[in-house]
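Structure at a glance
Listed here are the chains, written in short residue letters.
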Amino acid sequence: MLSDFLTLEVYFGSPNAALYFEDLIKNYGRKKAQRAIAAGDINCRSLCFGGHPRLITWLSEQGRTKAQTALS
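What you are looking at is a predicted structure, and each value in this text was computed from that prediction instead of being measured.

Packing of helix H2 (residues 21-28) against helix H3 (residues 30-39) leaves a shortest axis separation of 7 Å and a crossing angle of 120°. By the angle between their axes, H2 is oblique relative to H3. Residues Phe21, Leu24, Ile25 and Tyr28 of H2 lie in contact with H3, whose contacting residues are Arg30, Lys32, Ala33, Gln34 and Ile37. Its residues assigned to classes, the contact of H2 with H3 shows six nonpolar, one polar and two charged.

Structural data, given as structure tokens:
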């Protein structure tokens with residue numbers, strides 16, 4: 001999961017490398033996504049789009065470091 005976020009950052013740039021929480025759990029499962037958020041590897045924030053709040057997730061600095069270390 002972390003390496004996939006890192007790939008998104010490389011391709012789209014860090015500010016644009018985010019996923020909706022719903023997409024994250026669809027790809028990785030709810031438990032794995034929640035563990036990554038609880039561990040501080042993934043950041044999560046609720047944003048309001050057109051009056052409807054949606055959870056957005058992105059790689060934290062800690063998660064980025066872990067992903068880069070795993071690729072080395």
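Text resumes after the structure shown.
Of all the positions in helix H1 (residues 2-12), only Leu2, Phe5, Leu6 and Glu9 are classed as buried. Looking down the long axis of H1, one finds its buried residues gathered within 100° of arc, a one-sided arrangement. For H1, exposure combined with an orientation more than 90 degrees from the buried face picks out Thr7 and Tyr11. On its buried face, H1 sits against strand E1 (18-20), H2, strand E2 (42-49), strand E3 (52-59) and helix H4 (61-71). Once H1 ends, the next one or two residues include Gly13, with phi positive near 95°.

This part covers the packing of H1 against H4. Contact pair H1 / H4: the axes reach a minimum separation of 9 Å and the direction vectors enclose 100°. By the angle between their axes, H1 is roughly perpendicular relative to H4. Between H1, through Leu2, Ser3, Leu6 and Glu9, and H4, the contact on the second element is made entirely by Gly63, Arg64, Lys66, Ala67, Gln68 and Leu71. Classifying every residue of the contact of H1 with H4 gives four nonpolar, three polar and three charged.

Here is what the cut-offs are and how they apply
Residues numbered from 1 in each chain as written. Predicted model: local features only at pLDDT ≥ 70, side-chain atom pairs only at ≥ 80, totals over all residues. Heavy atoms only, no water. Axes fitted to C-alpha atoms, helices over the stretch in contact; angles between N-to-C directions. Helix = DSSP H or I, 4+ residues; strand = E, 2+ residues; numbered from the N terminus. Parallel < 35°, antiparallel > 145°, perpendicular 65-115°, else oblique. Contact = heavy atoms within 4.5 Å. Nonpolar A, V, L, I, M, F, W, Y, C, P; charged D, E, K, R; others polar. Buried < 20%, exposed > 50% of the residue type's maximum accessible area, 1.4 Å probe, protein only. Arc of directions from axis to C-beta.

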